[in-house]
Amino acid sequence: MNDRIAWEEPFCGEGNNCFRLGTDNNGNAYIAVAGAEDAYLSDSREALRTLIRDIKAGKADHLL
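Residues numbered from 1 in each chain as written. Predicted model: local features only at pLDDT ≥ 70, side-chain atom pairs only at ≥ 80, totals over all residues. Heavy atoms only, no water.

(A) Quick peek at the overall build of the protein. Tallying secondary structure elements over the protein gives one helix and five strands in all. Listed by position from the N terminus, the elements making up the protein come as β-β-β-β-β-α. Taken along the three principal axes of its C-alpha coordinates, the protein extends 35 × 25 × 15 Å. Buried residues in the protein amount to 17% of all 64 residues. Carbon and sulfur atoms make up 52% of the accessible area of the protein, which totals about 5,000 Å². Each charge sign in the protein was given a centre, from 7 positive and 11 negative side chains, and these centres are 6 Å apart. (Helix = DSSP H or I, 4+ residues; strand = E, 2+ residues; numbered from the N terminus. Buried < 20%, exposed > 50% of the residue type's maximum accessible area, 1.4 Å probe, protein only. Areas by Shrake-Rupley, 256 points an atom, 1.4 Å probe, with all protein chains shown as cover. Lys, Arg positive; Asp, Glu negative; His and termini not counted. Charge placed at Lys NZ, Arg CZ, Asp CG, Glu CD.)

(B) Summary view of the pattern of salt bridges. In total, this model carries three salt bridges according to the counting rule given. Between Arg20 and Glu37 there is a salt bridge, and its shortest N-O distance comes to 3.0 Å. Within this pair, whereas Arg20 is found in strand E3 (residues 18-23), its partner Glu37 is found in the loop between strand E4 (28-33) and strand E5 (41-44), the two being separated by 17 residues in sequence. Both residues of the pair, Arg20 and Glu37, count as buried. (Salt bridge = Lys/Arg side-chain N within 4 Å of Asp/Glu carboxyl O.)

(C) Region of interest: the packing of aromatic side chains. The final tally for this structure, using the stated rule, is two aromatic pairs. With centroids separated by 4.8 Å and ring planes inclined at 85 degrees, the aromatic side chains of Tyr30 and Tyr40 adopt a geometry described as edge-to-face. Here Tyr40 lies in the loop between E4 and E5 and Tyr30 lies in strand E4, a separation of 10 residues in the sequence. On the basis of relative accessibility, which here comes to 2%, the residue Tyr30 falls in the buried class. (Phe/Tyr/Trp six-rings, centres within 6.5 Å; stacked < 30°, edge-to-face > 60°.)

(D) Geometry of the layout of surface pockets. A volume near 230 Å³ is recorded for the largest pocket. If you go around the largest pocket, the residues you meet are Phe11, Gly13, Asn17, Phe19, Leu21, Ile31, Leu48, Leu51, Ile52 and Ile55. Of all the secondary structure elements, the ones that give two or more residues to the lining of the largest pocket are E3 and helix H1 (45-56). If one sorts the elements of the lining of the largest pocket by residue count, H1 sits on top with four residues. Split by residue class, the lining of the largest pocket holds eight nonpolar, two polar and no charged. Volume-wise, the second largest pocket comes out at about 170 Å³. In terms of lining, the second largest pocket is formed by Ile55, Ala60, Asp61, Leu63 and Leu64. Of the residues in the lining of the second largest pocket, the class split is four nonpolar, no polar and one charged. (1 Å grid on protein atoms, 1.4 Å probe; cavity = no way out; pocket = protein on both sides within 12 Å on 5 of 7 lines; lining within 4 Å. Points joined across faces, edges and corners; volume = space filled by probe spheres on them. Nonpolar A, V, L, I, M, F, W, Y, C, P; charged D, E, K, R; others polar.)

As structure tokens, this is what we get:
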């Protein structure tokens, strides 16, 4: 299946709204709620890279 996921430190908003990003050695990227890392969303590192770039460019600002 996948190698061990290397999780980054949580990214937290106000209160306990924390997300974690992780990667494995097979080129996969993961997003999970901190404390619920077994229920993750997975895609390629390139997809994660694109998501982060789009968020930084303001393409998700309408969600704020």
